[in-house]
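# Topology and contacts: notes
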Amino acid sequence: MRITWVPVAGLAFAGAALLAGCSAERHNVVARTYQNITARDNGYFLAREKMRSVEAALNKERPNDYNRTLPLLPVVDSVKALQLTGDMDDVVKKASLPIQRHGTSDYTDDAYILIGKARFYKREFEEALKTFKYVNTTSKDANARHEALIWLMRTYMATNEWENATAVSDLLDKEAGTFENARELFLTRAQYYIRQADERLAIENLSKAIPYIDKKDERSRTRYVLAQLYQNTGQDKEAYAQLNSILRRNPPYELDFFAKLMLGQVSDLNQQDRTRLNKYFTKLLKDPNNRGYRDKVYYEMARLEYRQQRYDEALKLLNQSVRLNSTNRAQRGYAYLLAGRIYYENLQKYRPAAAYYDSTTQSLPRETPEFAAIVERRDVLREFAQQLTTVETQDSLLTLARLDTATLRTRMVAYADAELLRRKQAAERQAALAARGVNQTALGQDPTRAGNPDVDPLAFASASTGRLWYFDNPTALGTARADFERLWGNRPLTDNWRLSSLATTGAPVPGANTPVAVRGADGSVVNPAGAASAQQATPTDERAALLAQYQQSIPATPEQQKQAESKVLEAMFALGAIYNQQLKEPAKAVQTYEQLLQRFPNSPHTAEVYYSLYLLYKDLGDAKAETYAQRLRQEFANSSYARLVADPEYLRRTSVANEHMAVRLDSAFALYKKQEFKKANAALARARKQYPETDLNDRAEYMQLLLTLRTQPPAKHKAEVEAFVKKYPESALVPRAQELLGTYGRYESGQLAGALASTEKPSVSFFRPGEVDNRVRILYKENETPAVALKPEAKPVPKAAAAQAITPPATPKEVANTPPPQAAPAATTAKAEPTTGNAPATPTPANNAPVPSQPAPAGSPANGTNTPAPATPPAEPSPYRADVNAPHAVVIAYPKDAAAFAELQNQLTAYNNRFFKANNLQVQAQPLGTDQQLLVVQAMPNSKVALNYALKLRGPQGPLMKFRNAGYQSFLIGIDNLPVLLSRGNLEEYLRFAQPVYSK
């Protein structure tokens, strides 16, 4: 037995010693070899193979839009990242095994890189950045560090951190790596420079990458991208060479087809090559394998004609491309775009250009890089077409209005006959289309529609699709209706139409196929069977209806003609601005402006037109510039345009002065709110002396007016208001000042009895959240300057009587930035309503009280007797809860239909992403009642943070800075109180609650 067991025990002992030597804590050769083998051939191998299969699929799914530069790297959006979550989680799980169990192996760094790539494809970029940075700082393997840096650069590109990506790229310039890393680096750099629109450096890096690409098809695709870059930079010969290299290596069919098409774009355009290309395109069109690409062939043929400046032929080919396109919306969009460019840039026909650009935006994918520019141009052209149509229409109507009755009648009859003929021809075309649709299937697919020359490529844009759309095709609808009646019978279109009681047999019910809204209720029939022929309109009736319609459109009265002329004026002024500023056509802008001056020499826009013509002629080097400068100096000497002509820096200096003046008006207003009128008056005087000429002069004058109302005897008030109206007749504050004058007029005529006073409740200022406008009654003695308010003599008052606080006019939120207050007459003893706007109420006479020799003190009766004041009813408990430590939101309220705030939500979102990205603030729009809109920015941890955020919104970089005169409100609200406000819809109620809470 000893002889048998001794070798077995020895082997067991040796095996145990060997395993102990292979543990992760050992650093000998045996242990390292064991750790490497077990790490590589288990978790790491499975994770790597899974990643390779996913990346191969992503490379196949790269978008192949051959009208744009093809992407070199896989494209993973948020939707695709969600689809990859399962596979990437599996990669992370398997790649984590060698890290956890074999941490000393040589494959730990590679496993970390796999984990980082998985995070990248899941769009978890922060985690991916941490992983790649970790490998770069801890790995001893230079190749692993290089690979981590390449993926770090890709991650920075995905997050648009271009400066960091550039830094990583520069760091890799100093390193020498492997064959595979060199390929990935050059491809990454090429994609980086394509994104940066630096095509020269993209070509340089792509040329370096091609020799490192092993797979033939991938190399051909990369060469095609290189050819695109060469073509974009005007290097047609180099592009031609790359395309020939592709075609010699038997590329995939689609790449082969588009490479052949591109050859035509980079070929020389002499007569010999022109003939060869025509034959080549004809061959492509005849090839049955290219049937699905015929629209692209016609598009490339159109581009070839466009290069030769043969625009009419190019437009015809583009129309054929659109007709043949049935599935590829992007290709249809590119055809519309090229047609729009021809009309816009080459033919200067802006009305059809507007239609083509509108169709482009409906077909082209929104992720197209130039989509935003296309939308902007579409809007410009749409506005241009609208203004041009207004001018033409109103001019035509005014011309008709000047004709005598007989001539006008003859002209309208001719128009009506032409319109009836057009309708008849349209009906005949529809009938012919229906007759040729005999071979149409039940789904409305017409096999001949793609080649039908009568189909308008802009039919969908003009809502006249003919047979191109199912519901515009009478044959398709007839077939579908027959199938329905075969299955269900002839049933009226009503609720519960499937009920068997609604099935009919025999003759159809009159009006049964008409919707209920048209057919009428039970017992009424819109088109009874017996009266069908009687209700059919005759040509004479149609003509009479058209004549009546034309007659109604003609401006017959002087008032209507004046309105038509006003429309022409505004449209011509807008056209001149579009020509000048957006279409960049100075000659047509000059022509339009001069026509406007000739037709409307004394319009409200005359000064601006003079200045625009001065600038246009000055840029053209024409001596007429001085003519219009002289006109400005003579006719509009005090206007800003005349000052700009004399001093081109006037606008800049005025802008700076406006900013400084606004700050000083704010300071004066702060003193005004504290009832420190002397200091406010002094601050205002210093500001007006330092900046005598600004755009805020009327605001400063109005601020002075309010100070006069509080510090001077009432006898001076009316004169000050009248002086303001006379001095600033065009100010936005004039209507409020005129209301003040009306109030004084009614008071002097005896319609308003008592002292001029305001009894309105304090209103919460929405310029500063939680701030309340102070209102203190100022009392005067006869022949005394009331610099300081005098208290009335104390009189005994019963305990039950509550002294009524009589306040002066409501203060403005910011005089420098807000409209003037409204006059609000109110009784001195009546319950006042809170103000709803950002402007103060002004001094108003008290109603129903005798006129005292002095203003009555607070709480004293008008007749001099001490009468107890009525007991105040107990206030309702507030539905809101005060908790300044709870989460809060900042709310901005503005009129629902105010166009100035249309983009405010997007601006707030961009502002938050830039300055408060870590706070993860959300901006939501909520309606409040029928006439107000709320923008809610949430959530802040407490009211202090919310108040700080609200103040920054109005700072120099805040989005509310430019809305200072637009009439909005901003305030704080607790998250728990927000639903209460939205349900009750009473903003004033909440503001009254918020005042004591947030003013502490």
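The numbers attached to residues start from 1 for each chain and follow its sequence in the written order. Where local features are concerned, this predicted model is filtered to residues with pLDDT of at least 70; where side-chain atom pairs are given and counted, the filter is 80 or more; whole-chain, interface and lining totals use all residues. Only hydrogens and water are set aside; all other atoms, that is, all heavy atoms of the structure, feed into the side-chain values.

## Describing the pairing of strand 10 (residues 969–974)
With a 1.4 Å probe rolled over the protein chains alone, any residue whose accessible area is under 20% of its type maximum counts as buried; one over 50% counts as exposed, and the rest are partly exposed. Each helix is a run of H or I in the DSSP string that is no shorter than four residues. Each strand is a run of E no shorter than two, and both are numbered from the N terminus. Burial analysis of strand 10 places six of its six residues in the buried class, which makes it a mostly covered element. At least two DSSP bridges between two strands are required for those strands to pair. Sheet topology places strand 7 (residues 888–895) next to strand 10; six bridges connect them, and they run antiparallel. If you follow Ala893 over to strand 10, its bridge partner there is Gln969.

## A closer look at the nonpolar core
For our purposes a nonpolar core is just a set of buried Ala, Val, Leu, Ile, Met, Phe, Trp, Tyr and Cys residues, chained together by side-chain atoms within 4.5 Å. Judged by nonpolar contacts, the single largest core of 142 residues is most densely connected at Tyr121, Tyr224, Leu243, Leu318 and Leu583. Looking at this core element by element, the count peaks at ten residues for helix 17 (residues 329–346). Apart from the residues lying within four places of it in its own chain, the contact partners of Tyr224 are Tyr66, Leu70, Leu243, Ile246, Leu255, Phe258, Ala259 and Met262. Within the second largest apolar cluster, 39 residues are counted, among which are Tyr894, Leu904, Ala950 and Phe963. Contact criterion: two residues are considered in contact whenever any of their non-hydrogen atoms come within 4.5 Å of each other.

## Thoughts on the packing of helix 36 (residues 904–915) against helix 37 (residues 943–953)
With axes taken as lines fitted to C-alpha atoms, and helix axes fitted only over the stretch in contact, angles between N-to-C directions fall between 0 and 180 degrees. The contact between helix 36 and helix 37 brings their axes to 12 Å, and the two run at 115°. Taken together, the axes of helix 36 and helix 37 lie roughly perpendicular to each other. For the element pair helix 36 and helix 37, the recorded crossing hand is right-handed. For the pair helix 36 and helix 37, contact is made by Leu908, Tyr911 and Asn912 and by Tyr949, Lys952 and Leu953, respectively. For this classification, the nonpolar set comprises Ala, Val, Leu, Ile, Met, Phe, Trp, Tyr, Cys and Pro, the charged set comprises Asp, Glu, Lys and Arg, and every other residue, Gly included, is treated as polar. Residue composition of the contact of helix 36 with helix 37, grouped by class: four nonpolar, one polar and one charged. For classification purposes, an angle smaller than 35 degrees is called roughly parallel, one larger than 145 roughly antiparallel, one from 65 to 115 roughly perpendicular, and anything else oblique. Should the near helix be turned anticlockwise from the far one by less than a right angle, the crossing is termed left-handed; should it be turned clockwise, right-handed.

## A word on the packing of aromatic side chains
Where two aromatic rings form a pair, the distance of their centres and the angle of their planes describe that pair. Ring pairs shown here join Phe, Tyr and Trp side chains whose ring centres sit within 6.5 Å, with only the six-membered ring taken for Trp; geometry is labelled stacked below 30 degrees between planes, edge-to-face above 60, and tilted in between. Following the criterion strictly, the structure yields 43 aromatic pairs and no others. The interplanar angle of 65° and the centroid separation of 5.7 Å between the aromatic rings of Tyr344 and Tyr350 together place this pair among those described as edge-to-face. With respect to burial, Tyr344 and Tyr350 carry one shared label: buried. Here Phe724 and Tyr728 contribute two aromatic rings whose centre-to-centre distance is 5.6 Å and whose plane-to-plane angle is 45°, an arrangement assigned as tilted. In this structure Tyr728 comes out as buried when scored by relative accessible area, which is 16%. Taken together, the ring pairs connect Tyr66, Tyr224, Tyr253, Phe257, Phe258 and Tyr293 into an aromatic cluster.

## Regarding the sheet that holds strand 9 (residues 932–940)
Spatial strand order, 8-9-7-10: four strands in an open sheet with antiparallel pairing. A single partner strand is all that each edge strand has here, and the edge strands are strand 8 (922–928) and strand 10. Taking the axes of each pair of neighbouring strands and ignoring which way they run, one obtains an average angle of 25° across the sheet. Running at roughly 40° to strand 7, helix 37 makes contact with strand 7, strand 9 and strand 10 of the sheet. This element, helix 39 (residues 987–998), spans strand 7, strand 8, strand 9 and strand 10 of the sheet and lies at about 70° to strand 10.

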